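# An overview of the molecular structure
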Amino acid sequence: MLVNHLNKRLARFVFLVWAGLATASFTGCSKEAAMPRLAGEGATAPDAYLVSSTLIGEYPASELAARIPEVPIAGALVRYPIRVYRLTYRTRNTDGQFIMASGALLVPVGTGQALPVLSYQHGTIRPDEEGRAPSYYRSGSEVWSVVSVLASTGYMVSAPDYIGYGASKAFPHPYEQAASLASASLDMLRAAREFAGQQQVTLNQKHFLLGYSEGGFATMALHKLMEEQYSAEFPVTASAPGAGAYHKSAFADYILKVDKPLSFLSTYVWVLDTYNRVYGINRPFAYYYNQPWATQLQADLYSAVPDRAALLFTPAFQQGILNRTDQAMLAAFRANDIHDWRPKAPLALFHGTADDYVPFFNSKDAYNAMHLRGATQVELRPIAGGNHFSSVTEYTLQAYAFISQYR
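Conventions we followed
- Residues numbered from 1 in each chain as written.
- Predicted model: local features only at pLDDT ≥ 70, side-chain atom pairs only at ≥ 80, totals over all residues.
- Heavy atoms only, no water.
- Helix = DSSP H or I, 4+ residues; strand = E, 2+ residues; numbered from the N terminus.
- Expected span 1.5 Å × (residues − 1).
- Buried < 20%, exposed > 50% of the residue type's maximum accessible area, 1.4 Å probe, protein only.
- Salt bridge = Lys/Arg side-chain N within 4 Å of Asp/Glu carboxyl O.
- pLDDT = per-residue confidence, 0-100.
- Contact = heavy atoms within 4.5 Å.

Okay, helix 5 (residues 214-229) next. Here helix 5 is 16 residues long and its end C-alpha atoms lie 22 Å apart, about the 22 Å a rise of 1.5 Å per residue gives. Of all 16 residues making up helix 5, 13 are buried, and the element is well covered by its neighbours.

Right, here's the structure in full:
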């Protein structure tokens, strides 16, 4: 396989360009006022999703290869120059109303053939790191570096910002909410296809999906949505999600039962806030969190919290989940359990076995549940001894090799 031909210098390249993919803590920020909806739009789907396109730039292959000068071997993957566009498009917010969203579209130039489409779902972006969203296409972001190299190998890459970034940054990001991550990614694909038609970019019918961490969760949600509801419009060729929290119900139990430090509790606060708001539960912070953190988090959702669940969460919340009496939040978790379904297209689950940020059981549970449902093209690819961050390099190399065999 391709991975066997890539040496340690290329692995270092991937590590450098993915550095900062996700983080375990947040700095403070203030919530912004809601952006007005597009005039005259409600729940009815638009005739066209693409609103506008702006050329960010055209980048020769030599520049892409030189973006990481410490690793000259990066040039071995680069084949074509790429053009990068910022697309704005319509998608549904969590309330079902259409709003303006955005993303980056990377188009290889001069391939002489119909292009496959790669939908790339980015990892966690802290609220104070808005500039890392794909549509800004800034140095140091995932899309500017490693994803640009992937595009230069001959994929048209669709990279949604998600709701809460770019054109929709006035709205709160629905962190780890499967439905909105999937729909924002799917509608970006629709906008990308409309753009390709306008620009006479020829596409084939192959669609590949990649993403790690929150991007892995979004990739799984998108794969599920595409196969179950839009298989004729967007057939999935292959997908390779990495280290996603696919089994939310089991994850909640794990957090509330384990008696050890957990580095990710600040991000879990973000998940609970999203579900509390999106599913209309609307409980006060004091229901979920002990003092002084309830007051602190109400003022700044992204402030530091203790690393032990027993200190952070109230006994009432813990008991409601573990005793199965908190029906509202349990239903929200179940709505985001995306591990138990039957994919048809090839799917490879990558996950570090020592991941203490998104535990390995999320991918293992998905693999087991899918096989019990009769899925025959699902693989579990454990990354032995890898944690959430050290596994990124191997994930990137192996995921690229996995999808390449179906190209």
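The terminal C-alpha atoms of helix 4 (residues 178-199) lie 32 Å apart, and with 22 residues this matches the ideal 32 Å at 1.5 Å per residue to within 8%. The buried fraction of helix 4 amounts to 16 of the 22 residues, a majority that puts the element mostly inside the structure. The first or second residue beyond helix 4 is Q200, which carries a positive phi of 55°.

Here the focus is the pattern of salt bridges. A side chain with one charge may pair with a side chain of the opposite charge, provided their charged atoms come close. Enumeration over the complete set of coordinates arrives at 15 salt bridges. Across the salt bridge formed by K248 and E176, the nearest N and O atoms sit 2.6 Å from each other. Of this pair, K248 sits in helix 6 (residues 248-257) while E176 sits in the loop between strand 5 (156-160) and helix 4; the two residues are 72 residues apart in sequence, bridging distant segments of the chain. By relative accessible area, which is 3% here, K248 ends up buried. Its salt-bridge partner being R381, residue E379 comes within 2.8 Å of it at the nearest N-O pair. Members of the salt-bridge network, linked through shared partners, are R126, D128, E129, R132 and E142.

Taken over all residues, the pLDDT of the protein has a mean of 89, while the share at 70 or more is 87%. Contacts of residues 1-42 to residues separated by more than four positions or lying in other chains number 92 contacts, the stretch itself having pLDDT below 50.

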